[in-house]
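Listed below are the residues making up each chain.
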Amino acid sequence: MLNENAGRFLEAIGNALSENVSQITVEGDESSRSLLFEVASPFEENKLFGYDITLSEAGVGFILAEFMLIAFDGIPEEHFDELQRIITAVNVPLTLGGFNLIPEHRAIELRQGMIYGADAKSEDVAGNILGTIDLMEDTVLMFGTYIDDFLKGRKTADEVIAEAEGFGGDSL
Amino acid sequence: MNNNDQRILDLIAERLENVGIYSEPAEYGGEAALELIFDSEDEFAPKECTVTVIHPKDDMTVIQLLVTMLHTEDEETVDKLCSLLPELNSLLSIGSFGVMRSDGYMYYNYAFLTEPLDEGSMLESFGAALQVVSATAIRCGELLSGFMSEKDGADEGRHDDYSIVQF
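Residues numbered from 1 in each chain as written. Chains lettered and ligands numbered in written order. Predicted model: local features only at pLDDT ≥ 70, side-chain atom pairs only at ≥ 80, totals over all residues. Heavy atoms only, no water.

Chemist: Could you give me a rundown of the sheet that holds strand S6 (residues 105-113) of chain B, with the residues and numbers involved?
Modeler: Residue and element names in this part refer to chain B. Pairing within the open sheet is antiparallel, and its six strands lie in the order S1-S2-S3-S4-S6-S5. A single partner strand is all that each edge strand has here, and the edge strands are strand S1 (24-28) and strand S5 (96-100). Mean inter-strand twist for the sheet, computed between neighbouring axes without regard to direction, equals 35°. Across five bridges, S1 lies against strand S2 (residues 31-37) in antiparallel orientation. Pairing of Glu27 across the sheet is with Ala32, part of S2. Across the face of the sheet, helix H3 (residues 119-149) comes into contact with S2, strand S3 (48-57), strand S4 (60-71), S5 and S6 while running at roughly 160° to S6. (Pairing = 2+ DSSP bridges. Helix = DSSP H or I, 4+ residues; strand = E, 2+ residues; numbered from the N terminus. Axes fitted to C-alpha atoms, helices over the stretch in contact; angles between N-to-C directions. Contact = heavy atoms within 4.5 Å.)

Structure representation (structure tokens):
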């Protein structure tokens, strides 16, 4: 059962997001609550990708926030094996979050989690969540390019993996 | 490494000491860090957890917990690990497992943004995260131990007892 702290966190997050996001849907039940919205894809014009922030209780006195950003969808099944190899290589230089292939949705998500003490200030939690979203979008832009290059046929899986393994820049 | 980063590491070390966890100053990538040693001789068990402070942007501070696990130079073992990781990662709410092919070691990584949390909230989040990270790495070590000893390979073993419950 979600406690009242999760409720005030959700309200603060919703208010903070509403300045940048046109439509937010709230879903959930007694054990968890999700905020669903969409942000612009950096890879395709007029394409949106889905964001899901789910709050649930994580033991007594803690709340878990799970961030799931669907970075790519409509992925052909024949690419699954190569994409798993690519994702394993691309995840190495990541600091925040990790890419996952979700076969049943034919999608690739970037996932991150955060645990808050239930008595943390609502406005601080909302600010932290907005900052995390910002970093996740940067991560998708910076490292999702490897996946996008493969999906659009610009590079082979081996080329993309070699590039990701040779990544020597500053990670996010 | 600025004074504030060192202060964060000092606060974390003090917090850990208060709950009986020993950490020692270390260096990671040329930066100051904290190191926690896992007390196990098992080949697949986590070895150490390195805590570092990173700035992905000027006004953002991220605390990273990097647990090193199995180290191997055997290509076949690395390939087997790589085939297991996607499914393991799909079960996790926080952190992800990976293999650094160039160095031949497996790791578990989790990081979180600290701003604009106050010190108390940041330490609370760190403490909870460390508990989950440690338990996840230990559980993964147990799973790997079973998978890697499977005669017929990872695919045969993964359906027997395959679960990681973080929360």
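Past the structure itself, the notes keep going.
Chemist: How would you summarise helix H1 (residues 4-17) of chain A if you had to cite specific residues and measurements?
Modeler: Residues and elements named next belong to chain A. Between its terminal C-alpha atoms H1 stretches 20 Å, which fits the 20 Å expected from 14 residues at 1.5 Å a residue. Of all the residues in H1, the buried ones are Asn5, Ala6, Phe9, Leu10, Ala12, Ile13, Gly14, Ala16 and Leu17. Here the buried face of H1 lies against strand S2 (32-40), strand S3 (48-57), strand S4 (62-72), strand S6 (107-117) and helix H3 (122-151). (Expected span 1.5 Å × (residues − 1). Buried < 20%, exposed > 50% of the residue type's maximum accessible area, 1.4 Å probe, protein only.)

Chemist: How would you explain the interface of chain B and chain A if you had to name every residue and give the values?
Modeler: Counting from both sides, the interface comprises 36 residues of chain B and, opposite them, 35 residues of chain A. Taking both partners together, chain B and chain A bury about 2700 Å²; carbon and sulfur atoms supply 58% of that area. Along the contact surface separating chain B from chain A lie three salt bridges. Here B:Lys57 ties to A:Asp138 by a salt bridge, and the two come within 2.7 Å at their closest N and O atoms. Of all the secondary structure elements, the ones that give two or more residues to the side of chain B that touches chain A are S3, S4, helix H2 (75-89), S5, S6 and H3 of chain B. For the side of chain B that touches chain A, the class distribution of residues is 22 nonpolar, nine polar and five charged. (Buried area = accessible area lost by both parts, 1.4 Å probe. Salt bridge = Lys/Arg side-chain N within 4 Å of Asp/Glu carboxyl O. Nonpolar A, V, L, I, M, F, W, Y, C, P; charged D, E, K, R; others polar.)

Chemist: Please provide a residue-by-residue account of the environment of B:His71, values included.
Modeler: All names here are of chain B. One can find His71 in strand S4. His71 sits 33 residues away from Phe38 along the chain, and the two C-alpha atoms are 15 Å apart. Every residue in contact with His71, bar those within four places of it in the chain, is listed here: Asp103, Gly104 and Tyr105.

Chemist: Describe the pairing of S2(B), listing the residues and the values that go with them.
Modeler: Residue and element names in this part refer to chain B. Remark: two residues form the turn of the hairpin made by S1 and S2, two consecutive strands paired antiparallel; Gly29 in that turn has positive phi of roughly 60°. In the sheet, S2 pairs with S3 via five bridges, with the strands oriented antiparallel. For Glu35, the partnering residue across the bridge sits in S3 and is Thr50.

Chemist: Mind laying out the confidence of the model for chain B, listing which residues take part and the relevant values?
Modeler: Residues of chain B with pLDDT of at least 70 account for 90%, and the chain-wide mean is 87. When pLDDT is averaged over each element of chain B, S6(B) comes out on top at 96 and helix H4 (residues 154-157) of chain B at the bottom at 48. (pLDDT = per-residue confidence, 0-100.)

Chemist: Summarise the packing of aromatic side chains; cite the residues concerned and give the values.
Modeler: Taken as a whole and assessed by the stated rule, the structure comprises eight aromatic pairs over all chains. Taken together, a centroid distance of 6.5 Å and an interplanar angle of 70° make the contact between B:Tyr105 and B:Tyr107 edge-to-face. Accessibility classification places B:Tyr105 together with B:Tyr107 in one group, the buried group. Seen from their ring centres, B:Tyr110 and B:Phe112 are 6.0 Å apart, and the 25° between their planes marks the pair as stacked. Each member of the pair, B:Tyr110 together with B:Phe112, is buried. Here the aromatic cluster, defined as three or more aromatic residues joined through ring pairs, consists of A:Phe143, A:Tyr146 and A:Phe167. (Phe/Tyr/Trp six-rings, centres within 6.5 Å; stacked < 30°, edge-to-face > 60°.)

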